[in-house]
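Descriptive structure summary
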Amino acid sequence: QVQLVESGGGLVQAGGSLSVSCAASGLTFSRYAMGWFRQAPGKDREFVAGIGWGGSSTYYADSVKGRFTISRDNTKNTVYLQMNSLKPEDTAVYYCAADRKWYATARADEYDYWGQGTQVTVSS
């Protein structure tokens, strides 16, 4: 059974930093592209960042480019999202997802597995 478990969310002031993690099990992690998505209340789920198998190929939404960094550790079956210079508009539930392709895409419907999400709240 595939499980993706996010952790590390919380409350942070605007301008601060936060890191979230996603631990995967039940799949060959190194053969899945991984993505982070987020969903704010009343809004659609949106792509945040993605990373390919080996970690060298990354892809970011324009809204987070230069502030967020996605990385992965295939020895720990874990993907990370480091978030810096956080803004109140970054407040959302953050989800990780796994895609059975070598490269990450921004399309949520391309992903095969999803975590349950972790709340990130940025206060102004």
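Okay, so let's go over this structure.

Right, let's talk about the sheet that holds strand E1 (residues 3-7) for a bit. The strand order across the open sheet built from 4 strands is E1-E3-E8-E7, with neighbouring strands paired in antiparallel fashion. Strand pairing shows two members of the sheet lacking a second neighbour, E1 and strand E7 (68-73), which therefore form its edges. Each strand axis lies, on average, 15° off the axis of its neighbour in the sheet, ignoring direction. Sheet topology places E7 next to strand E8 (residues 78-83); 6 bridges connect them, and they run antiparallel. Counterpart to Ile-70 in the pairing with E8 is Leu-81.

Our focus in this paragraph is the state of the cysteines. A complete count under the given rule lists 1 disulfide for this structure. Bridging Cys-22 to Cys-96, the disulfide has an S-S length of 1.9 Å. Linking Cys-22 and Cys-96, the disulfide has an S-S dihedral of approximately 40° and is accordingly described as right-handed. Here the residue Cys-22 occupies a position in strand E3 (residues 18-25), and Cys-96 occupies one in strand E9 (residues 92-99), the gap between them amounting to 74 residues. Taking relative accessible area as the criterion, Cys-22 reaches 0% and is therefore assigned buried. On the accessibility criterion, Cys-96 (0% relative accessible area) is buried.

The phi dihedral of Asn-77 is positive, around 55°, even though this residue is not glycine. Relative to the assigned elements, Asn-77 resides in the loop between E7 and E8. For Ser-85, which is not a glycine, the phi torsion comes out positive at approximately 50°. Looking at the element boundaries, Ser-85 is found in the loop between E8 and E9.

Moving on, we come to the pattern of salt bridges. When their charged atoms lie close together, side chains carrying opposite charge are able to pair. Enumeration over the complete set of coordinates arrives at 9 salt bridges. For Arg-67, the salt bridge is made with Asp-90, and the minimal N-O distance between the two is 2.7 Å. Residue Arg-67 is found in the loop between strand E6 (58-60) and E7, and its partner Asp-90 is found in the loop between E8 and E9; the two are separated by 23 residues along the sequence. Each of the two residues, Arg-67 as well as Asp-90, counts as buried. Each of Asp-99, Lys-101, Arg-107, Asp-109 and Glu-110 takes part in a single network of salt bridges with overlapping partners.

Scoring rules and cut-offs
Residues numbered from 1 in each chain as written. Predicted model: local features only at pLDDT ≥ 70, side-chain atom pairs only at ≥ 80, totals over all residues. Heavy atoms only, no water. Pairing = 2+ DSSP bridges. Helix = DSSP H or I, 4+ residues; strand = E, 2+ residues; numbered from the N terminus. Axes fitted to C-alpha atoms, helices over the stretch in contact; angles between N-to-C directions. Disulfide = S-S within 2.5 Å. Buried < 20%, exposed > 50% of the residue type's maximum accessible area, 1.4 Å probe, protein only. Salt bridge = Lys/Arg side-chain N within 4 Å of Asp/Glu carboxyl O.

Everything listed here is a matter of coordinates, which is why it stays silent on function.
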